[in-house]
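Chain by chain, the residues:
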Amino acid sequence: MTDGPIGKAMLKKLESKGMVGLAYWDNGFKEMSANKPLRMPEDYKGLKFRIQSSKVLEAQFRALGAIPQVMAFSEVYQALQTGVVDGQENTPSNMFTQKFHEVQKYTTLTNHGYIGYVVVVNKKFWDDLPADVRGQLEKAMAEATVYSNEISEKENVESLDDIKKSGKTELITPTAAESAAMRKAMEPLYQEMGSRVGKQLIDDVVKATSGVTN
């Protein structure tokens, strides 16, 4: 989707801020983990979850009855180990490299959120470059993006396999009914975040992903 019309339209919005968006680099889709099985929305109630600083993520966990806690990435392992927080959300590669799976009994393969990075450049600098130089940089960026995203996908697949092989956390694959219940619990966020993210953008994303499970 980041390569399609929606992704390109989002990059276009950066120009009014003096930036040019060159590409999206993937980290992957996020999974949920905790020391109790997470299958239905009610399973999250009362649990403390580490989040990045984000109003959207905060609203996500509050909608589930959980307690979001903003915390630096470097502090998460110890916080999970000591019970300062009960769970977290992250990509498999992030979870494995940081050893979160060693201090979480269950990991649910929700694929509920995406972590990606936007490659940006100063618009004035970019526009002032000679056309031939800019063209070569655009070509190099396109090649680097394909390479980077292939690595990300490979690392997430391998990390998930390594997490499974470790035997330290039980992997849970949600049923269709469980996934539907989680999506329904998130529906109020679409309305709530319309003024922050943009209602049209939300509608476009929902339309583009219609029928996609997880």
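Residues numbered from 1 in each chain as written. Predicted model: local features only at pLDDT ≥ 70, side-chain atom pairs only at ≥ 80, totals over all residues. Heavy atoms only, no water.

## Looking at the overall build of the protein chain
Next up, step 1: Across its full length, the protein chain holds eight helices and six strands.
Next up, step 2: Sequence-ordered secondary structure for the protein chain, helices as α and strands as β, is α-β-β-α-β-α-β-α-β-α-α-β-α-α.
Next up, step 3: Whereas a compact globule of 214 residues would reach a radius of gyration of roughly 17 Å, the protein chain reaches 19 Å, a difference of no more than 12%.
Next up, step 4: In terms of its C-alpha atoms, the protein chain occupies a principal-axis envelope of roughly 55 × 35 × 30 Å.
Next up, step 5: Relative to its full complement of 214 residues, the protein chain shows a buried share of 37%.
Next up, step 6: Restricting to contacts in the protein chain with at least 6 residues of sequence separation, those with at least 24 account for 69%.
Next up, step 7: Per element, the accessible surface of the protein chain, about 12,600 Å² overall, is 54% carbon and sulfur.
Next up, step 8: The average position of the 27 basic charges and that of the 28 acidic charges among the side chains of the protein chain differ by 5 Å. (Helix = DSSP H or I, 4+ residues; strand = E, 2+ residues; numbered from the N terminus. Rg over C-alpha atoms; globule rule 2.2 N^0.38 Å. Buried < 20%, exposed > 50% of the residue type's maximum accessible area, 1.4 Å probe, protein only. Contact = heavy atoms within 4.5 Å. Areas by Shrake-Rupley, 256 points an atom, 1.4 Å probe, with all protein chains shown as cover. Lys, Arg positive; Asp, Glu negative; His and termini not counted. Charge placed at Lys NZ, Arg CZ, Asp CG, Glu CD.)

## Observations regarding helix H2 (residues 55-63)
Next up, step 1: By the burial criterion, the buried members of H2 are Leu57, Ala59, Gln60 and Phe61.
Next up, step 2: Structurally, H2 contributes buried residues whose contacts are with strand S1 (19-34), strand S2 (48-51), strand S3 (67-70), strand S4 (87-90), strand S5 (106-122) and helix H7 (176-192).
Next up, step 3: The N-cap of H2, judged by a side-chain oxygen 3.3 Å from the amide nitrogen of Val56 a few residues on, is Ser54. (Polar contact = N/O pair within 3.5 Å; in protein donor to acceptor, adjacent residues only side chain to side chain.)

## Digging into the environment of Lys45
Next up, step 1: Its location among the elements puts Lys45 in the loop between S1 and S2.
Next up, step 2: Lys45 has contacts with Leu64, Gly65 and Ala66, leaving out every residue within four places of it along the chain.

## Let's talk about the packing of H7 against helix H8 (residues 194-208)
Next up, step 1: In the contact formed by H7 and H8, the axes pass within 7 Å of each other and the chain directions differ by 120 degrees. By the angle class used here, H7 and H8 are oblique. Taking contact as the criterion, the partners of Tyr190, Gln191 and Glu192 in H7 are, on H8, Gly194, Ser195, Ile202 and Val206. (Axes fitted to C-alpha atoms, helices over the stretch in contact; angles between N-to-C directions. Parallel < 35°, antiparallel > 145°, perpendicular 65-115°, else oblique.)

## What to know about H8
Working note: α-helix, 3.6 residues per turn, so residues spaced by three or four point in the same direction.
Next up, step 1: Counted at 1.5 Å a residue, the expected span for H8 with its 15 residues is 21 Å, but the 17 Å between its end C-alpha atoms falls short.
Next up, step 2: Along H8, the helix axis deviates most sharply at Leu201, where the bend reaches about 50 degrees.
Next up, step 3: Those residues of H8 that sit buried are Gly194, Leu201 and Ile202. (Expected span 1.5 Å × (residues − 1). Bend = angle between axes of the 7 residues up to and from the residue.)

## With respect to unusual backbone geometry
Next up, step 1: One non-glycine residue with positive phi stands out, namely Lys99, at about 65 degrees.
Next up, step 2: Turning to its location among the elements, Lys99 is positioned in the loop between helix H4 (92-97) and S5.

## With respect to the packing of aromatic side chains
Next up, step 1: All told, the structure shown has four aromatic pairs when counted by the stated rule.
Next up, step 2: Considering the side-chain rings of Phe73 and Phe100, the 5.8 Å spacing of their centres and the 80 degrees angle between planes classify their relative orientation as edge-to-face. Of the two residues, Phe73 sits in the loop between S3 and helix H3 (76-82) while Phe100 sits in the loop between H4 and S5, which places them 27 residues apart along the sequence.
Next up, step 3: Aromatic rings pair up to connect Tyr44, Phe49 and Phe61 into one cluster. (Phe/Tyr/Trp six-rings, centres within 6.5 Å; stacked < 30°, edge-to-face > 60°.)

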